[in-house]
Amino acid sequence: MSRDKEQNTILKGTLDVLVLKALSSATMHGFEVTAWLEDQAGGSLGLDDSAVYQALYRMEKRGLVEAEWGVSEKNRKARYYDLTRAGKAHLVSETERVLRYADTVRSILSPGRQHAGEKT
Amino acid sequence: MKRRSVRRWLRLPVSDTARTMEDVDAELAAHIEERVERLMAEGLTEQQARVEAERRLGGLDQARQRLLQDASERDAALSVREALRSWIDDVRYATRSVFRVPAYAAVVIATLALGIGANATMFGVVDRLLLSGPAHVVEPSELYRFYLNIQYDENSDMETFAPLHGGALMAFREGVSSMDHVSGYTTWSLTLGSGAAARPLEVGAVSASFFPLLDVKPVAGRFFDEEDEQPPSGRRVVVLSHRMWQSDFGGQRDAIGETVDLSGHSYSIIGVAPRGFTGVELEPRDAWVPLANRPGEWTRSWSGYVMPIVGRLHVDASVTRAEAEATGAWRRGYEGPMATVMRTASITLDDIRADHCVFR
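Here the structure is a predicted model, which is why all the values come from computation and not from measurement.

Moving on, we get to the interface of chain A and chain B. Contacts between chain A and chain B engage 25 residues on the former and 24 residues on the latter. With both chains or domains summed, chain A and chain B bury close to 2,400 Å², and 48% of this area falls on carbon and sulfur atoms. By the criterion of area lost to chain B, the three top residues of chain A are Phe 31, Tyr 57 and Lys 61 of chain A, representing 29% of everything that side buries. In this structure, the connection of chain A to chain B is made through 11 salt bridges. Here Arg 38 of chain B and Asp 39 of chain A are joined by a salt bridge, their closest N and O atoms 3.8 Å apart. Across the contact surface, chain A and chain B share 16 residue pairs in polar contact (both at pLDDT 80 or more). Those elements giving two or more residues to the side of chain A that touches chain B turn out to be α2 (30–41), α3 (49–62) and β3 (77–83) of chain A. The dominant element in the side of chain A that touches chain B, judged by the number of residues it contributes, is α3 of chain A, at 9 residues. Residue composition of the side of chain A that touches chain B, grouped by class: 7 nonpolar, 6 polar and 12 charged.

Right, let's get into the pairing of strand β5 (residues 199–206) of chain B. All names here are of chain B. In this sheet, β5 lies alongside strand β4 (residues 179–192) in antiparallel orientation, the contact comprising 8 bridges. Among the inter-strand pairings, Trp 188 is bridged to a residue of β5, identified as Val 203. The turn linking β4 back onto β5 is made up of 6 residues, and Gly 193 within it adopts a positive phi angle of 75 degrees. Here β5 pairs with strand β10 (residues 287–290) via 4 bridges, running parallel. Each bridged residue has a counterpart across the sheet, and for Gly 204 the counterpart in β10 is Trp 288.

In this section: helix α2 (residues 17–41) of chain B. All names here are of chain B. Relative to the 36 Å expected for 25 residues at 1.5 Å per residue, α2 spans 36 Å between its end C-alpha atoms, a close match to the ideal helical length. Here α2 has its buried residues at Thr 20, Asp 23, Val 24, Glu 27, Leu 28, Ala 30, His 31, Ile 32, Glu 34, Arg 35, Val 36 and Leu 39. At the C-terminal side of α2, Gly 43 shows a positive phi close to 115 degrees.

Glancing now at a nonpolar patch on the surface. All names here are of chain B. Taken together, the side chains of Met 122, Phe 123, Val 125, Val 126, Leu 130 and Leu 131 present a nonpolar region at the surface, about 550 Å² in accessible area. For Leu 130, the position within the fold is in helix α5 (residues 102–131). The class for Leu 130 is partly exposed, based on a relative accessible area of 48%.

So, how was this worked out
Residues numbered from 1 in each chain as written. Chains lettered and ligands numbered in written order. Predicted model: local features only at pLDDT ≥ 70, side-chain atom pairs only at ≥ 80, totals over all residues. Heavy atoms only, no water. Contact = heavy atoms within 4.5 Å. Buried area = accessible area lost by both parts, 1.4 Å probe. Salt bridge = Lys/Arg side-chain N within 4 Å of Asp/Glu carboxyl O. Polar contact = N/O pair within 3.5 Å; in protein donor to acceptor, adjacent residues only side chain to side chain. Helix = DSSP H or I, 4+ residues; strand = E, 2+ residues; numbered from the N terminus. Nonpolar A, V, L, I, M, F, W, Y, C, P; charged D, E, K, R; others polar. Pairing = 2+ DSSP bridges. Expected span 1.5 Å × (residues − 1). Buried < 20%, exposed > 50% of the residue type's maximum accessible area, 1.4 Å probe, protein only. Patch = residues over 30% accessible without salt bridge, like charges linked within 9 Å, V, L, I, M, F, W, Y side chains within 5 Å. Areas by Shrake-Rupley, 256 points an atom, 1.4 Å probe, with all protein chains shown as cover.

Printed below as a string of structure tokens:
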């Protein structure tokens, strides 16, 4: 449980951008987003499912996504989410930021490497 | 119910926690159904699947709590946004409708412009007349005009006069200790220059204490002092208005000390008043000269010439006391005709902004 919580805090900042990425491929309802993330990650993300919904609600409040009740292909009532224009822009800038951060961390942590002026 | 419909009518955000809760429950239920279906497809029984689904959520109740919090904030923000959007749409629609008929739009704009312009002008006038007082005059609320109140006989009404004799000016200066810089001012028409280039000027002939009374500061040079009004006719010195300084002397500082011909007398320019300054009244003036320059007994007489007299009330004095002092000074000092009646007259004071003297 505590390991999940650790991963929870690391991923919280990036969960938003991952959710936006999911929605950039298609309009989805909450479970579809969760399933997409699981499939992409090749298994469990180590997060509670409810975290995904929290991310969706927060981004809806900020105007990055918009939602509408609809009917799924299984004829069930479902709340569908879509990116707004602001959301698309946010996805682009956040992706850049996160990837840059990941590269920096990787290069610092990789063993046996010169760190000054060396490029991959 | 009634409260909510009032808020709807005013297009205020209608927060509805019950509806938010319904939405959250519905979304959670849908999620659980999908998860259960998936898990059953992987081989779990329905009961096992449900337990697992709730576990993955992080516990149904805990999930509900967390989501309710975020959903409430979301719905509040959304309804504000929606209200704002509908206002903007209304404005857009109205604007489009108006401009669909350009002639109508033109009339609307013209009407608004006239109305706003008229209002602004009116306010400007009222402000200058009644509230702010004349330009560059410090604390106009402390400035009072002297009024004579007299009843000629028991059959006539009480009459009130503002312009008073030069003798009164002297009497008030000496006898009213509650007021400072008691001054008189008159309008004098003079001619600038001679021959074909001559031009008429509207000049203020004022007591030397006039400028200290109003506490206005010169833009260049100086204003009058007591020596400028020494009898018999004072010094021939002139203070230019800002406008005249700009138009006739190009706003140059070396205008100070130059001389000008005013109705045959050679006047020395000693100073320039600030832009927009017109004295106590609001009519523009070209320049100011000492009152003593005027021929005739302006500053001492108890008959003939009259002029408005104004003074500044001490901060800790009362109008009533000043009026009593002024009445006493008038009655003791009066030496003009109809002395019996005149000596029963009383002097009252009123804010300079309450009345505007337009006279020569």
